[in-house]
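# Structural characterization, general
Chain residues, written in single-letter form:
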Amino acid sequence: MSHSPSLPDRPRLELDPEMSEAERLEAIRQHYRRIVHMNEELSDRLDDVQGRRGDLKSEVDQLKRENETLKTSSLYIASVEEITEDGVVIKQHGNNQEVLTQASTRLEADLRPGDRVAINDSFAVQQVLDDETDSRAQAMEVAESPDVVYDDIGGIDEQIREVREAVEDPLENPEQFETVGVEPPSGVLLHGPPGTGKTMLAKAVANESDATFIKMAGSELVRKFIGEGSRLVRDLFELAAEREPAVIFIDEIDAVASKRTDSKTSGDAEVQRTMMQLLSEMDGFDERGEIRIMAATNRFDMLDEAILRPGRFDRLIEVPEPGPEGRERILEIHTQEMNVAADVDVGVVARELDGYSGADIASLATEAGMFAIRDGRTEVIQSDFERAREKLQDADKTEDRVINYQY
Ligand SMILES: Nc1ncnc2c1ncn2[C@@H]1O[C@H](COP(=O)(O)OP(=O)(O)OP(=O)(O)O)[C@@H](O)[C@H]1O
Ligand SMILES: [Mg+2]
């Protein structure tokens, strides 16, 4: 349908001075006819182009509408059962309802039985989704035994002790709890400022109790499609049951378990559903054997109390910013593998690090090492730590450390 955009040449009137009066008149007549003809042709073309413009405009409108519905309507997940002459048979996840529906020609060519698709309220197929196992694999991190040990964690010995008691002991000596007749805590919630070792602690306890560590970030549970978050929660607990003894760790739990907000958007409702699923998994947890549940947050104030009720996250452990001794221990840990000059006093360095988290101290140690390398030395000296501290302080100021909460 390619139309040449170029316009026909304009006819020219050529009058020869040798011509007779009658010949001139005839030439002028002919010229006039050509002009009239050309005018007709051009107005035909104009109609044609205007028509096409109208078509394009309605196509644009149509796409805009489709885009709007995609943006606003809730999408559900379904699987393609069969592709028939009359349309596509899909089965909706969650309620297993089978429906005959249509897919746009663009999508239909790509659909295969077994595909996961997103459908809208009226069951129309909107999108083909990635393989389910892919999306699960992306959302969960599974480690047979993570590489963190208690000795890698400094300054929070009391918290380590509490976590061992609540997680490790019930995994290793379930009989003891039975004999004494007490229930171990259902879930352990670690809370405290960023970079204080919460994730490390969860990994270490899984490692040291020879349990599979299954980590899911709360933000991963906040999914685009209706039912997908709660499905992932179910999968998480199923996977743990297959791999027991296991520690389930939900990081940034505030993403799915924050206090109810007033807004009634479908996204919020979906987050609520995911939290409900989590609560019901935890409530039905007694018979599940050697699985322990941990979670972490640095937004304790945001949490919905429902998640903290007995039988749910009923053991709260605060992981605070390290004090002077803790900072010294953490600095020792992070300089252990470094070639530090014999006269360096980590205690003196640590005293200056008021307000530093464990993560800050880890980067300070790395920075100090970088200064030694830049100077062409093989040993890290006291002044490297001071320079590193100044550098981090400057970086702090320029970056004006807005803590990036999700809300
Ligand atoms: N108590 C600690 N002892 C030793 N290293 C620590 C400690 N706390 C933090 N670190 C260092 O900081 C890094 C980040 O720690 P971690 O991920 O455990 O923090 P977090 O409390 O989970 O933080 P967030 O709330 O941001 O998730 C660790 O990999 C480690 O290098
Ligand atoms: Mg963490």
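Reading guide: rules and limits
- Residues numbered from 1 in each chain as written.
- Chains lettered and ligands numbered in written order.
- Predicted model: local features only at pLDDT ≥ 70, side-chain atom pairs only at ≥ 80, totals over all residues.
- Heavy atoms only, no water.
- Helix = DSSP H or I, 4+ residues; strand = E, 2+ residues; numbered from the N terminus.
- Buried < 20%, exposed > 50% of the residue type's maximum accessible area, 1.4 Å probe, protein only.
- Contact = heavy atoms within 4.5 Å.
- Areas by Shrake-Rupley, 256 points an atom, 1.4 Å probe, with all protein chains shown as cover.
- UniProt positions renumbered as here; feature names shortened; annotations may be inferred.
- Polar contact = N/O pair within 3.5 Å; in protein donor to acceptor, adjacent residues only side chain to side chain.
- Expected span 1.5 Å × (residues − 1).
- Patch = residues over 30% accessible without salt bridge, like charges linked within 9 Å, V, L, I, M, F, W, Y side chains within 5 Å.
- Salt bridge = Lys/Arg side-chain N within 4 Å of Asp/Glu carboxyl O.
- Lys, Arg positive; Asp, Glu negative; His and termini not counted.
- Charge placed at Lys NZ, Arg CZ, Asp CG, Glu CD.
- Pairing = 2+ DSSP bridges.
- Axes fitted to C-alpha atoms, helices over the stretch in contact; angles between N-to-C directions.

## Some points on the overall build of the protein
Each helix and strand counted, the protein has 13 helices and eleven strands in total. In the protein, buried positions account for 39% of the 407 residues. Nonlocal contacts in the protein, meaning residues at least 24 apart in sequence, comprise 70% of its contacts between residues at least 6 apart. Here the protein displays about 23,800 Å² of accessible surface, and carbon together with sulfur accounts for 47% of that area.

## Description of the UniProt feature "binding site: ATP" (unreviewed entry) in the protein
UniProt records the feature "binding site: ATP" (unreviewed entry) at Gly 195, Thr 196, Gly 197, Lys 198, Thr 199, Met 200 and His 334, using the numbering of this structure. Looking at where Thr 196 falls in the secondary structure, it is placed in the loop between β7 (187-191) and α6 (198-208). Assessed through its relative accessible area of 8%, Thr 196 is described here as buried. Here Thr 196 is in contact with Ile 156, Val 319, Pro 320 and Glu 321, once residues within four sequence places are set aside. Only 2.9 Å separates the side chain of Thr 196 from the backbone oxygen of Pro 193, close enough to count as a polar contact. Along the polypeptide, Met 200 turns up in helix α6. For Met 200, a relative accessible area of 29% translates into the label partly exposed. Look past the residues within four positions of Met 200 in its chain and what remains in contact with it is Val 148, Asp 152 and Ile 153.

## Considering helix α8 (residues 228-242)
Here α8 contains 15 residues, and its C-alpha end-to-end distance of 21 Å stays within 8% of the 21 Å for a straight helix at 1.5 Å per residue. Within α8, burial applies to Glu 228, Gly 229, Ser 230, Leu 232, Val 233, Asp 235, Leu 236, Phe 237, Leu 239 and Ala 240.

## Regarding a nonpolar patch on the surface
Among the surface-exposed residues, Leu 13, Leu 15 and Ile 28 lie close enough to one another that they form a single nonpolar patch of about 230 Å² accessible area. Its place among the elements puts Leu 15 in the segment before α1 (21-72).

## Quick word on a negative patch on the surface
Where like charges cluster on the molecular surface, the negative patch consists of Glu 40, Glu 41, Asp 44, Asp 47 and Asp 48. The topology assignment puts Glu 41 in helix α1.

## Side note on the pattern of salt bridges
In total, this model carries 19 salt bridges according to the counting rule given. For Glu 168, the salt bridge is made with Arg 164, and the minimal N-O distance between the two is 3.2 Å. One end of the pair, Glu 168, and the other, Arg 164, are both in helix α4 (residues 157-172), four residues apart, so they sit about a helical turn from each other. Arg 377 is the partner of Asp 375 in a salt bridge, and the nearest nitrogen-oxygen pair spans 2.9 Å. Connected through shared salt-bridge partners, Glu 158, Arg 161, Glu 165 and Arg 315 make up one network.

## Here's the deal with the sheet that holds strand β3 (residues 98-101)
In any sheet, the strands associate via hydrogen bonds between backbone groups, in a parallel or an antiparallel arrangement. One open sheet holds the five strands; their spatial order is β3-β2-β1-β4-β5, and the pairing between them is antiparallel. Of all the strands in the sheet, the pair left with one neighbour each is β3 and β5 (125-128). Shown here is a sheet whose adjacent strand axes are inclined to one another by a mean of 40°, direction ignored. Alignment of strand β2 (residues 87-92) against β3, held across four bridges, turns out to be antiparallel. Opposite Val 89, over in β3, you have Leu 100 as the bridge partner.

## Side note on helix α12 (residues 358-374)
An ideal rise of 1.5 Å per residue puts 24 Å on 17 residues; α12 measures up with 25 Å between its terminal C-alpha atoms. Every buried residue belonging to α12 is among Gly 358, Asp 360, Ile 361, Ala 362, Leu 364, Ala 365, Glu 367, Ala 368, Gly 369, Phe 371 and Ala 372, and all of these are buried. In the segment just after α12, Gly 376 is the residue with positive phi, at about 70°.

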